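Secondary and tertiary structure notes
Chain residues, written in single-letter form:
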Amino acid sequence: MLWLAALAATPLISEHRFTQLCRAAAVCNRPLELRGRRVVLSEAVKVQRQDNLTILGPGRIDGSGHSVVQVEGTGPGLSLIDVDLRHVPSTERTEKRSLGACVFCRGRGAIRLERCRVTSEAGFGLWLVQRSRAVLKECEVVNPGRTAVAVFNVAKVDVSKSTITGGDPHGICARGEAYVAIRDSRVVGAADRACYAYMSARLDLARTEV
């Protein structure tokens, strides 16, 4: 029960306040600092158009919407550093069979995660489609409900010094003309395949345990 006490003691930022802070940080081009606080969201944090948003931990963001963060547009996008991202299911999404993802990128959206922990109880860990791109450095993607890192269309993902654990059915799935580079990392514990690339997808592995 100690973890329940610790969770209760963690200071919270309301969803409304957090949304305001994100907008202000993007407008002022200054990072939003969580400073050990926790946020509980019913809707995704959306980074769009030419937005440039950086969120600094330590801190935790829990989300029950389609995704915890959603990135699109053509700007610099979203950077997350030292943040624990947790995607939890909702009754409404379950009824619609909308499992979603912890991190969702589309269009030309760009996201960078550094020293972050990512998980989804029912959906993908990271889900990239169209021409989106992601960089993961010193991160953990932990036991999501579906594939840990799904990269479709012509999306690109660069993973370094990270651990991808679990995934059902795959740890990493690349489809279409997607490109995935994994260096100095571990991809372990998937239900079916650690890495699966098909159609014209490219997978570049270096110094990585599979």
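Summarised in this report is the structure supplied together with it. Not measured: the values here are computed from a predicted model.

1. Topic: the overall build of the protein chain
A tally of regular secondary structure across the protein chain gives 3 helices and 21 strands. Taking 210 residues into account, the globule formula puts the C-alpha radius of gyration at 17 Å, and the protein chain, at 16 Å, falls close to it. Its C-alpha atoms put the protein chain at 45 × 45 × 35 Å along the principal axes. Residue burial in the protein chain is summarised as follows: out of 210 residues, 46% are buried.

2. Remarks on the sheet that holds strand 20 (residues 193–197)
Strands pair in a sheet through their backbones, by hydrogen bonds, and they do so in one of two ways: parallel or antiparallel. Taken in spatial order, the 7 strands line up as 4-6-8-11-14-17-20 in an open sheet, and their pairing is parallel. Pairing within the sheet leaves two strands with one partner each, and these edge strands are strand 4 (45–47) and strand 20. The sheet shows a mean angle of 10° between the axes of neighbouring strands, direction not considered. Pairing of strand 6 (residues 67–71) with strand 8 (residues 101–105), which is carried by 4 bridges, proceeds in the parallel orientation.

3. Re the pattern of salt bridges
Throughout the structure, instances matching the rule amount to 13 salt bridges. Because the salt bridges share partners, they merge into one network encompassing Asp82, Arg112, Glu114 and Arg115.

4. Remarks on the nonpolar core
Grouped together as the largest cluster of nonpolar side chains are 49 residues, with contacts concentrated most on Phe18, Ile55, Leu85, Val103, Ile111 and Leu113. In terms of residue count, the dominant contributor to this core is strand 7 (residues 77–87) (4 residues). In contact with isoleucine 111, not counting residues within four places along its chain, are Val69, Val71, Leu78, Leu80, Val103, Cys105, Arg133, Ala134 and Val135.

5. Side note on the pairing of strand 12 (residues 133–137)
Burial along strand 12 is one-sided: the face carrying Ala134 and Leu136 is buried and the face carrying Arg133, Val135 and Lys137 is not. One ladder, built from 5 bridges, connects strand 9 (residues 110–114) with strand 12; its direction is parallel. Opposite glutamate 114, over in strand 12, you have lysine 137 as the bridge partner.

6. As for a nonpolar patch on the surface
A cluster of nonpolar side chains, namely Leu203, Leu205 and Val210, defines an oily patch on the protein surface of about 250 Å² accessible area. Examined against the element boundaries, leucine 203 turns out to sit in strand 21 (residues 202–206). Judged by its relative accessible area of 34%, leucine 203 falls in the partly exposed class.

7. Considerations on the packing of aromatic side chains
The tally for this structure, following the rule as stated, stands at 3 aromatic pairs. Ring geometry for phenylalanine 104 versus tryptophan 127: centroids 4.9 Å apart, planes at 45°, classification tilted. Note that phenylalanine 104 is positioned in strand 8 and tryptophan 127 in strand 11 (residues 124–128), a separation of 23 residues in sequence. Taking relative accessible area as the criterion, phenylalanine 104 reaches 8% and is therefore assigned buried. Consider the rings of phenylalanine 124 and tryptophan 127, whose centres lie 5.0 Å apart with planes at 50°: the pair is tilted. Across this residue pair, the class does not change: phenylalanine 124 and tryptophan 127 are buried. One aromatic cluster is present, built from ring pairs that chain together Phe104, Phe124 and Trp127.

Calculation criteria
- Residues numbered from 1 in each chain as written.
- Predicted model: local features only at pLDDT ≥ 70, side-chain atom pairs only at ≥ 80, totals over all residues.
- Heavy atoms only, no water.
- Helix = DSSP H or I, 4+ residues; strand = E, 2+ residues; numbered from the N terminus.
- Rg over C-alpha atoms; globule rule 2.2 N^0.38 Å.
- Buried < 20%, exposed > 50% of the residue type's maximum accessible area, 1.4 Å probe, protein only.
- Pairing = 2+ DSSP bridges.
- Axes fitted to C-alpha atoms, helices over the stretch in contact; angles between N-to-C directions.
- Salt bridge = Lys/Arg side-chain N within 4 Å of Asp/Glu carboxyl O.
- Core = buried A, V, L, I, M, F, W, Y, C linked by side-chain atoms within 4.5 Å.
- Contact = heavy atoms within 4.5 Å.
- Patch = residues over 30% accessible without salt bridge, like charges linked within 9 Å, V, L, I, M, F, W, Y side chains within 5 Å.
- Areas by Shrake-Rupley, 256 points an atom, 1.4 Å probe, with all protein chains shown as cover.
- Phe/Tyr/Trp six-rings, centres within 6.5 Å; stacked < 30°, edge-to-face > 60°.

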